[in-house]
Each structure stands twice: as C-alpha cells, then as structure tokens.
Amino acid sequence: MGGLGEDVFVPGRLVWVKRGACAGRWCVVLGRDLDGRVLVADGDCRSMLRPKRKNPKHLQPSSVVIEEVARLVSGGGSLNDGRIVSLISTRVGTLGV
C-alpha cells in the first residue's frame, strides 16, 4: 500500500471507495468495528451518524489524514456532515485529482 504503515485505516484517513454503492467517492475513516470493517463517511452519501461499514479491500487509502477529524473522533467530539464535505473537498483538491 505504498509505505503507509501497518494499519492505514486510522481515524481521519482519506480513502477512495473502490466498490459498493459509494464507489468512486472520497470518504474519511471514522474507525473500525469489532469485525475489522472500516467505518467511513463522506457527509453526503453516508452521514456521520450512519457511517458505512466497508471491507478494507474495497478501499484505497491516501496519504492524507485529516487531523481535525482524527482529533474529534478520538476525543469524542462531534462533526456535522457539512463540515465533513468541506474538509474532504479541500483535501482532495490538494491531491490533484
């Protein structure tokens, strides 16, 4: 996976969804469930209140970690969907895609 480390699906990581209903979208990782699935949201297709459980094989991690999301998820803070959409679009713009 390009030297991103052992567990690349940390809260705040920006990922590209390769398969499923949200395929072709950028999402942010919110965490993992007990089965090892990755919980993702994009603020549009999937809200923060109902993140999608994804098989890690169906996600392509980027090198970008959105620190604000990581901090709020780990600290128990709350984010609204509009803020997530804004953070994702800002970071995707820096990736040049």
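Shown above is the structure to which this text applies.
This report concerns the structure included in the present document. Just so you know, these numbers come straight off a predicted model, no measurement behind them.

## So, the overall build of the protein chain
(1) Moving on: When you go through the protein chain residue by residue, the secondary structure sums to 2 helices and 5 strands.
(2) Moving on: Traced from its N-terminal end to its C-terminal end, the protein chain shows the element sequence β-β-β-β-β-α-α.
(3) Moving on: Here the protein chain has a C-alpha radius of gyration of 12 Å; the compact-globule value for 97 residues is 13 Å, and the two agree.
(4) Moving on: Along the first, second and third principal axes, the C-alpha set of the protein chain runs to 35 × 30 × 25 Å.
(5) Moving on: Residue burial in the protein chain is summarised as follows: out of 97 residues, 35% are buried.
(6) Moving on: In the protein chain, once contacts between residues fewer than 6 apart in sequence are set aside, the share between residues at least 24 apart is 50%.
(7) Moving on: If you sum the accessible surface of the protein chain, you get close to 5600 Å²; carbon and sulfur atoms cover 49% of it.
(8) Moving on: Side-chain charges of the protein chain comprise 15 positive and 9 negative groups, with the mean position of each set lying 6 Å from the other.

## Observations regarding the sheet that holds strand S1 (residues 13-17)
(1) Moving on: Read across the open sheet, the 5 strands follow the order S4-S3-S2-S1-S5; overall the sheet is antiparallel. The open sheet has two edge strands, strand S4 (52-54) and strand S5 (59-65), and neither has a second partner. Sheet twist, expressed as the average angle between the axes of neighbouring strands with direction ignored, equals 45 degrees.
(2) Moving on: Strand direction decides the pairing type here: S1 and strand S2 (residues 26-32), joined by 3 bridges, are antiparallel. Within the sheet, the bridge partner assigned to Trp16 lies in S2 and is Trp26.

## Some remarks on the packing of aromatic side chains
(1) Moving on: Counted under the stated rule, the structure contains 1 aromatic pair.
(2) Moving on: Here Trp16 and Trp26 contribute two aromatic rings whose centre-to-centre distance is 5.2 Å and whose plane-to-plane angle is 65 degrees, an arrangement assigned as edge-to-face. On the criterion of sequence distance, the pair formed by Trp16 in strand S1 and Trp26 in strand S2 is long-range, its members being 10 residues apart.

## What about the state of the cysteines?
(1) Moving on: For the structure shown, the criterion picks out 1 disulfide.
(2) Moving on: Each disulfide pairs two cysteine sulfurs, and for Cys22 the partner residue is Cys45, the sulfurs being separated by 2.3 Å. Its torsion about the S-S bond being -80 degrees, the disulfide of Cys22 and Cys45 is classed as left-handed. Of this pair, Cys22 sits in the loop between S1 and S2 while Cys45 is found in the loop between strand S3 (38-41) and S4, placing the two residues 23 residues apart along the sequence.
(3) Moving on: Look at Cys22 and you get buried, because its relative accessible area is 8%.
(4) Moving on: No disulfide involves Cys27; its nearest neighbouring cysteine sulfur is the one of Cys22, lying 5.6 Å away.
(5) Moving on: A relative accessible area of 2% means that Cys27 is categorised as buried.

Thresholds applied
Residues numbered from 1 in each chain as written. Predicted model: local features only at pLDDT ≥ 70, side-chain atom pairs only at ≥ 80, totals over all residues. Heavy atoms only, no water. Helix = DSSP H or I, 4+ residues; strand = E, 2+ residues; numbered from the N terminus. Rg over C-alpha atoms; globule rule 2.2 N^0.38 Å. Buried < 20%, exposed > 50% of the residue type's maximum accessible area, 1.4 Å probe, protein only. Contact = heavy atoms within 4.5 Å. Areas by Shrake-Rupley, 256 points an atom, 1.4 Å probe, with all protein chains shown as cover. Lys, Arg positive; Asp, Glu negative; His and termini not counted. Charge placed at Lys NZ, Arg CZ, Asp CG, Glu CD. Pairing = 2+ DSSP bridges. Axes fitted to C-alpha atoms, helices over the stretch in contact; angles between N-to-C directions. Phe/Tyr/Trp six-rings, centres within 6.5 Å; stacked < 30°, edge-to-face > 60°. Disulfide = S-S within 2.5 Å.

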